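Below, each chain spelled out in residue letters.
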Amino acid sequence: MYRHKTAWSLAATALLIAVIAVGNDHGTRHRRFSPGRETVTVDSPEKAYDVWRRKGVKGRTLVLFDRYPHMHGRFNYQGEPRLERSNLVEYSIFQNVIRKLYFIVPDENWKDFLQQPTTKVIKPIAGLERGVSLYDLNGLPMIGITPSSLPHLPEQVLVYINSDVFDAKQAQDLLTRKGISSDITVIYQGSRQ
Amino acid sequence: MKRNEIIIICLLFLLAFGLRFYEISYPDFKWGDEMAHVPAGTNYWLNGQFEPDNWEHPPLRHILMYGFLQLFGDNPYGWRMRNILFGAAACVLTYLFARNVSGGRKAALLAGVLLATDPLHIVMSRYTFEEIYGGAFFLAAIVLYQRHAGRSWLIAASAFFMGCALATKWYYVPCWLLIYLLLLRENRNYRSLGTAFFITATYLFIPASVFIGSYYFWFMRGYAFPEFLQFIQDAYFSLQTYRPENYNPEMVFLSHSSALEWFIRSITVGQGTFIGADRGEFILYMNSLPVWIATLPAMVMLAVLAQRRKSVELGLPVLLFFGTYSLFIGVKRPTFIYSAAPLLPFAFTAIGCMVTEVTGRVNARLYHLVLVTMLAWNLYLYPLATAKNVPVAPYRYLLDESDAKLFRQ
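In this convention, every chain numbers its residues from 1, walking through the sequence in written order. Going through the entries in the order they are written, you letter the chains from A and number the ligands from 1. Totals for whole chains, interfaces and linings use all residues, but because this is a predicted model, local features are given only for residues with pLDDT of at least 70 and pairs of side-chain atoms are given and counted only at 80 or more. Heavy atoms throughout the structure, all of them, feed into the side-chain values; hydrogens and water do not.

## Some thoughts on the sheet that holds strand 3 (residues 98–104) of chain A
Residue and element names in this part refer to chain A.
Okay, so step 1: In this description, strands pair whenever DSSP reports at least two bridges between them. Going along the chain from the N terminus, every DSSP run of H or I of four or more residues is numbered as a helix, and every run of E of two or more is numbered as a strand. Read across the sheet, 8 strands follow the order 1-8-7-2-3-6-5-4 without closing on themselves; strand pairing throughout is mixed. The sheet terminates laterally at strand 1 (38–42) and strand 4 (121–124), the two strands that pair on one side only. In this sheet, neighbouring strand axes are inclined to one another by 20 degrees on average, regardless of whether the strands run parallel or antiparallel.
Okay, so step 2: With 5 bridges joining them, strand 1 and strand 8 (residues 182–188) adopt parallel strand pairing. Directly across from Glu38, in strand 8, lies its bridge partner Ile184. With axes taken as lines fitted to C-alpha atoms, and helix axes fitted only over the stretch in contact, angles between N-to-C directions fall between 0 and 180 degrees.

Laid out in structure tokens, this is it:
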């Protein structure tokens with residue numbers, strides 16, 4: 001009854017495969033890594049963005065050892081968003097430097113974190129004892145997770161450590177234990193310094 | 001199609017277009033959801049980001065918005081022409097759908113005219129609501145499905161438009177799968193492996209391709225396909241977490257958050273301003289209850305008729321209506337009156353069939369009386385949906401009963 005149904009079937013199947021392949025390739029090709037590995041210490045958060053910009057990194061996963069990031073949305077700024085002391089993560093999302101975020105919450109603070117009004121849990125992550133999916137306005141996947149539940153991440157990540165909140169040495173040891181490598185680790189030494 | 005019918009269709013399009021286009025540049029600033037939808041179009045095209053719109057909804061809307069902004073400019077025409085054109089096209093598609101269901105022009109004309117003049121469909125066609133163009137894609141897919149008669153390219157074209165609907169909003173998933181099953185059932189296609197694969201490949205893979213393809217700019221942010229699957233899953237879960245308290249308390253739709261009341265009681269929300277002692281301007285989202293209330297009885301009647309005549313074609317409006325409506329009733333999240341828009345073509349087709357059937361048995365002239373009465377009622381409500389400066393007195397009882405936010409200048 002249907003004419004050329006084999007040709008149509010093959011064409012539709014090929015179309016789906018092509019769309020998936022093109023999307024996947026388009027995405028992974030837009031990731032930019034820095035050659036080599038380095039650890040940089042900065043005295044203000046916005047300088048971390050300067051480091052990432054200089055190295056040309058894009059489309060990256062950030063492992064964030066810090067307080068809950070400022071996420072108010074692009075259109076709550078007057079005009080184009082500007083990089084400020086408080087909006088490093090959000091600004092980096094706007095610039096597509098970050099595509100995914102692992103937000104590390106100390107194990108002892110986990111229950112408090114889940115009770116916070118800013119914590120909007122979409123769902124627990126299967127297989128992780130203390131890991132939840134959170135999303136910000138841009139649809140950026142943000143995973144709230146404790147050090148003990150942090151899984152191995154196969155791709156190289158960006159790391160940002162606020163040494164007022166986390167001990168930098170302990171954070172780096174954690175990443176080493178989990179087999180997570182980073183091309184750029186930024187340590188913010190703030191008020192303690 | 002005969003010449004007379006082509007003329008009817010053209011007139012229907014002109015009526016629908018005229019009612020939607022008239023004074024479209026007023027207000028000349030972004031109003032309501034336009035404040036989110038318009039900049040989100042550009043943000044998605046340039047950055048692959050969804051802000052300030054919701055990230056859970058599929059992004060074909062942003063691509064279309066950007067296209068219309070390029071065509072007409074960043075002005076009221078650029079913001080609104082997409083919905084005006086697709087809204088008017090939906091009226092013609094409703095005519096064609098009802099024509100295929102009923103086999104006659106009378107039911108089709110009534111269905112088309114009811115959609116063309118429905119105050120909710122009009123007000124939503126004058127702004128950036130995605131139910132208008134998503135609904136038009138969905139209807140196009142259904143009409144092509146009805147007319148396929150074994151032609152492979154029409155199945156593929158139907159699948160493409162179904163993909164466009166799915167890439168606009170998730171509403172259409174149940175009926176997408178329903179049409180797929182109907183195609184398999186037709187002539188027992190499921191018994192032939194080759195035909196079953198053809199239907200599966202065209203009706204599942206093509207819409208899936210369009211849906212995934214609409215995320216092209218999102219992939220640009222560095223995402224891989226497994227992350228896409230995770231993203232879609234999370235979007236589904238996130239939508240389930242919506243509760244009335246999550247919305248801006250100023251949102252005009254919040255007073256009615258259940259789909260159960262759409263076709264049985266009057267709903268009027270929106271906003272307006274009284275100007276002086278006796279005039280006002282209003283943009284109201286309302287169900288035209290004297291028309292809408294006939295929906296459920298018409299669905300029952302059509303279901304009985306389809307059962308008696310053993311006609312899937314005749315039962316199609318019932319299947320499509322309840323296939324979509326059950327989603328709105330079943331979901332945990334609030335559902336607002338604007339989500340009723342994609343149901344209207346099926347509701348009005350059922351009403352058209354019922355009116356034609358009943359008046360055909362009682363007195364054929366009654367059809368014209370019903371048509372004129374319903375048309376007159378909808379046109380009476382038209383100024384309330386379109387911010388026309390009107391005397392308040394003829395609408396006083398509607399305004400007093402409404403849940404609209406009304407201000408005094």
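What follows picks up the thread again.
## Comments concerning the side chain of B:Glu5
Okay, so step 1: The residue B:Glu5 is located in helix 1 (residues 3–21) in this model.
Okay, so step 2: Contacts are residue-level and defined by heavy atoms, with any inter-residue pair within 4.5 Å sufficient. Discounting residues that sit within four places of it in the chain, B:Glu5 has contacts with B:Tyr95, B:Arg99 and B:Arg105.

## Some points on the interface of chain B and chain A
It is common to give the size of an interface as the accessible area lost on bringing the parts into contact.
Okay, so step 1: At the interface, 51 residues of chain B touch 40 residues of chain A.
Okay, so step 2: With both chains or domains summed, chain B and chain A bury close to 3,800 Å², and 61% of this area falls on carbon and sulfur atoms.
Okay, so step 3: Salt bridges are counted wherever a side-chain nitrogen of Lys or Arg sits within 4 Å of a carboxyl oxygen of Asp or Glu. The residue A:Lys123 makes a salt bridge to B:Asp234 at a minimum N-O spacing of 3.1 Å.
Okay, so step 4: Polar contacts, as counted here, are pairs of nitrogen or oxygen atoms within 3.5 Å of one another; within protein the pair requires one atom able to donate a hydrogen and one able to accept it, and residues that are adjacent in sequence qualify only if both atoms are side-chain atoms. Our count for the contact surface shared by chain B and chain A stands at 18 residue pairs in polar contact (both at pLDDT 80 or more).
Okay, so step 5: Those elements giving two or more residues to the side of chain B that touches chain A turn out to be helix 2 (34–47), helix 8 (152–166), helix 10 (193–213), helix 11 (216–219) and helix 12 (225–240) of chain B. By buried area we mean how much accessible surface two parts lose on assembly, using a 1.4 Å probe and totalling the loss over both.

## With respect to the pattern of salt bridges
Okay, so step 1: Under the defined criterion, the tally for this structure stands at 24 salt bridges over all chains.
Okay, so step 2: B:Glu227 is paired through a salt bridge with A:Lys100; the nearest N and O atoms lie 3.7 Å apart. Separated into two different chains, B:Glu227 in helix 12 and A:Lys100 in strand 3 make up a pair that spans both. There is no split in this pair, since B:Glu227 and A:Lys100 are both buried.
Okay, so step 3: Salt bridges linked by common partners bring A:Arg31, A:Arg99, A:Lys100, A:Glu155 and B:Glu227 together as one network. The rule is simple: take the accessible area with a 1.4 Å probe, protein chains only, and divide by the maximum for that residue type; under 20% is buried, over 50% is exposed, in between is partly exposed.

## Thoughts on the side chain of B:Thr335
Residue and element names in this part refer to chain B.
Okay, so step 1: Position of Thr335 relative to the elements: it lies in the loop between helix 15 (312–330) and helix 16 (344–362).
Okay, so step 2: Residue Thr335 is classed as buried on the basis of its relative accessible area of 6%.
Okay, so step 3: Excluding anything up to four places from it in sequence, Thr335 contacts His256, Ser257, Ser258, Ala259, Trp262 and Phe328.

## As for the packing of aromatic side chains
Okay, so step 1: Within 6.5 Å between ring centres, the rings of Phe, Tyr and Trp (the latter by its six-membered ring) count as paired, and their orientation is classed by plane angle as stacked under 30 degrees, edge-to-face over 60, tilted in between. Under the criterion given, the structure shown has 62 aromatic pairs over all chains.
Okay, so step 2: Note on A:Trp110 and A:Phe113: the rings are 5.5 Å apart at their centroids and 35 degrees apart in plane angle, and the pair reads as tilted. Of this pair, A:Trp110 and A:Phe113 both sit in helix 4 (residues 110–115), separated by 3 residues, roughly a single helical turn. Residue A:Trp110 shares its accessibility class with A:Phe113, and that shared class is buried.
Okay, so step 3: Ring plane angle 90 degrees and centroid distance 5.6 Å describe the contact between B:Tyr216 and B:Phe217, whose orientation is recorded as edge-to-face.
Okay, so step 4: B:Phe217 sits in the buried class, given a relative accessible area of 14%.
Okay, so step 5: Its end group placed over the ring of B:Tyr367, B:Lys106 keeps NZ or CZ at 5.1 Å from the ring centre. We count a charge as sitting over a ring when the NZ of a lysine or the CZ of an arginine lies within 6 Å of the ring centre and within 35 degrees of the ring normal.

## Regarding the confidence of the model for chain B
Okay, so step 1: In the predicted model, chain B carries a mean pLDDT of 94, and 100% of its residues have values of at least 70.
Okay, so step 2: With pTM at 0.94, the complex prediction returns an ipTM value of 0.92. pLDDT is a per-residue confidence score from the predictor, ranging from 0 to 100.

## A word on the sheet that holds strand 1 (residues 268–275) of chain B
Residues and elements named next belong to chain B.
Okay, so step 1: Read from one edge of the open sheet, 4 strands run 3-2-1-4, paired in mixed fashion. Of all strands in the sheet, those with a lone pairing partner are strand 3 (390–391) and strand 4 (405–408), marking the two edges.
Okay, so step 2: Pairing of strand 2 (residues 279–286) with strand 3, which is carried by 2 bridges, proceeds in the antiparallel orientation. When the sheet's bridge partners are listed, Arg279 is paired in strand 3 with Pro391.
Okay, so step 3: Contacts from helix 17 (residues 365–385) reach strand 2 and strand 3, with the element oriented near 105 degrees to strand 2.

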